[in-house]
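# Report on the structure
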Amino acid sequence: MEAPAVFTGVDVYQRSFNPQEYLKAFYTLSDSQGQLNTFLTENLRSLFKMFSLDELKGDTLIDVGCGPTIYQLLSACERFQEIIALDYTDQNRRELEKWLKNEPGAFDWKPVVEYVCELEGDRGKWAEKEEKVRKKVRQVLKCDVTKANPTDPVSLPPADCIVSTLCLEAACKDLDTFRRALKHIGALVKPGGHLVMVTVLRETYYAFNKQVFSCLRLEKNTVEEAVEGAGFDVKFSEVQTYLPCDDSTDCEAVLSLMARKRASITG
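Let us look at the structure shown here. A quick note: this is a predicted structure, and the numbers were derived from the prediction, not measured. (Residues numbered from 1 in each chain as written. Predicted model: local features only at pLDDT ≥ 70, side-chain atom pairs only at ≥ 80, totals over all residues. Heavy atoms only, no water.)

## Let's talk about the overall build of the protein chain
Across its full length, the protein chain holds 9 helices and 9 strands. Whereas a compact globule of 267 residues would reach a radius of gyration of roughly 18 Å, the protein chain reaches 17 Å, a difference of no more than 12%. Dimensions of the protein chain, computed from C-alpha atoms along their principal axes, come out at roughly 55 × 45 × 35 Å. Long-range contacts, defined here as pairs at least 24 residues apart, represent 73% of the contacts in the protein chain between residues at least 6 apart. As presented, the protein chain carries roughly 12200 Å² of accessible surface, and 48% of it is formed by carbon and sulfur atoms. Looking at charge distribution, the protein chain has the averaged site of its 34 positive side-chain charges lying 4 Å from that of its 41 negative ones. (Helix = DSSP H or I, 4+ residues; strand = E, 2+ residues; numbered from the N terminus. Rg over C-alpha atoms; globule rule 2.2 N^0.38 Å. Contact = heavy atoms within 4.5 Å. Areas by Shrake-Rupley, 256 points an atom, 1.4 Å probe, with all protein chains shown as cover. Lys, Arg positive; Asp, Glu negative; His and termini not counted. Charge placed at Lys NZ, Arg CZ, Asp CG, Glu CD.)

## Here we look at the environment of Glu42
Position of Glu42 among the secondary structure elements: in helix H3 (residues 38-50). Of the residues examined, Glu42 reaches a relative accessible area of 31% and is grouped as partly exposed. (Buried < 20%, exposed > 50% of the residue type's maximum accessible area, 1.4 Å probe, protein only.)

## Description of the sheet that holds strand E5 (residues 189-201)
Sheet architecture is open: 7 strands sit in the order E3-E2-E1-E4-E5-E9-E8, paired in mixed fashion. At either end of the open sheet lies a strand with only one pairing partner, and these are strand E3 (137-142) and strand E8 (232-241). Each strand of the sheet is rotated relative to its neighbour by a mean of 15°, with strand direction disregarded. The sheet strands contacting H3 are strand E4 (159-165), E5, E8 and strand E9 (253-261), and the helix crosses E5 at an angle near 160°. Packing of helix H9 (residues 220-229) onto the sheet brings it into contact with E5, E8 and E9, and relative to E8 it is tilted by some 160°. (Pairing = 2+ DSSP bridges. Axes fitted to C-alpha atoms, helices over the stretch in contact; angles between N-to-C directions.)

## Quick notes on the state of the cysteines
With the rule as written, the count across this model stands at 0 disulfides. Not engaged in a disulfide, the cysteine Cys215 finds its nearest cysteine sulfur in Cys251; these two sulfurs lie 7.9 Å apart. Note on Cys215: relative accessible area 6%, which makes it buried. (Disulfide = S-S within 2.5 Å.)

## A short note on the pattern of salt bridges
Under the defined criterion, the tally for this structure stands at 21 salt bridges. A salt bridge links Lys220 to Glu224; its shortest N-O distance comes to 3.0 Å. Of this pair, Lys220 and Glu224 are both found in helix H9, 4 residues apart, which corresponds to roughly one turn of the helix. Lys220 sits in the partly exposed class, given a relative accessible area of 32%. Since its relative accessible area comes to 18%, Glu224 is described here as buried. Between Asp233 and Arg262 there is a salt bridge whose closest N-O contact spans 2.8 Å. Taken together, the residues Asp233 in strand E8 and Arg262 in the segment after E9 connect sequence positions 29 residues apart. Because the salt bridges share partners, they merge into one network encompassing Glu78, Glu120, Lys129 and Lys132. (Salt bridge = Lys/Arg side-chain N within 4 Å of Asp/Glu carboxyl O.)

## Points about the nonpolar core
Tyr27, Phe51, Leu61, Tyr71, Trp109, Val196 and Tyr206 are the most contacted members of the largest nonpolar core, which has 54 residues in total. When residues no more than four places from it in sequence are discounted, the contact partners of Tyr71 are Tyr27, Leu40, Leu44, Leu47, Trp109, Val112, Thr165 and Leu166. Grouped together as the second largest cluster of nonpolar side chains are 33 residues, Cys143, Leu156, Cys167 and Leu188 included. (Core = buried A, V, L, I, M, F, W, Y, C linked by side-chain atoms within 4.5 Å.)

## With respect to the side chain of Asn43
Note on placement: Asn43 falls in helix H3. You can call Asn43 buried: its relative accessible area is 3%. A polar contact of 3.3 Å, which involves the side chain of Asn43, links it to the backbone oxygen of Phe39. Discounting residues that sit within four places of it in the chain, Asn43 has contacts with Leu166, Val198 and Val254. (Polar contact = N/O pair within 3.5 Å; in protein donor to acceptor, adjacent residues only side chain to side chain.)

Right, here's the structure in full:
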């Protein structure tokens with residue numbers, strides 16, 4: 001399988017991205033043969049590790065490009081009092097709200113929540129954690145990372161931390177756009193606040209439900225340089241190699257990164 005000839009635009013996401021099929025393809029903890037979804041479990045472990053760092057705590061966390069998912073909030077919800085979730089695609093935000101409101105037909109995150117609870121030492125606390133996430137996500141808003149104010153026309157007060165997982169590489173067609181997007185989302189964080197990222201490396205596409213979506217091919221140093229250029233100092237950076245078991249992606253590795261926003265941007 002190959003990446004689309006033209007980079008997937010927002011119009012395609014808005015028109016044809018199916019959140020239910022996406023969740024089924026990438027966020028089921030294990031398949032029918034009981035084979036663990038290592039891409040997901042490694043990302044859960046990385047998020048658990050980063051959100052266990054002493055400095056990662058505060059009042060407000062903004063999740064940039066949340067998609068229809070909550071996995072990225074399962075460790076984070078223990079360290080922040082309020083969460084604001086942002087995504088471009090209307091159907092993703094609707095799917096997320098379906099779970100937040102506990103509506104029939106919402107995706108079953110229980111196995112994933114149990115996995116994170118086990119990392120934290122008590123698998124049995126999954127229901128408590130689900131309730132915590134539902135209570136702490138106060139707003140679900142539309143965002144566009146290519147805008148100087150991604151939540152325009154809404155202006156959010158600067159947050160203590162932003163988390164962005166598997167978002168910018170799908171939203172940015174080239175490196176310049178990626179660098180600008182990092183500056184845009186970086187402006188959502190107060191000085192001294194933090195950025196947490198999970199980003200795929202050397203991936204050009206991902207596919208599900210007979211559809212193929214573009215991905216900006218990134219290297220570790222390129223991401224770190226862009227983060228530094230957006231006014232942050234990288235404090236934690238770790239790469240996990242990944243061997244795809246099918247042709248749903250050509251991802252070769254995943255970068256987990258935590259950075260602190262400088263008091264003033266220089267250069």
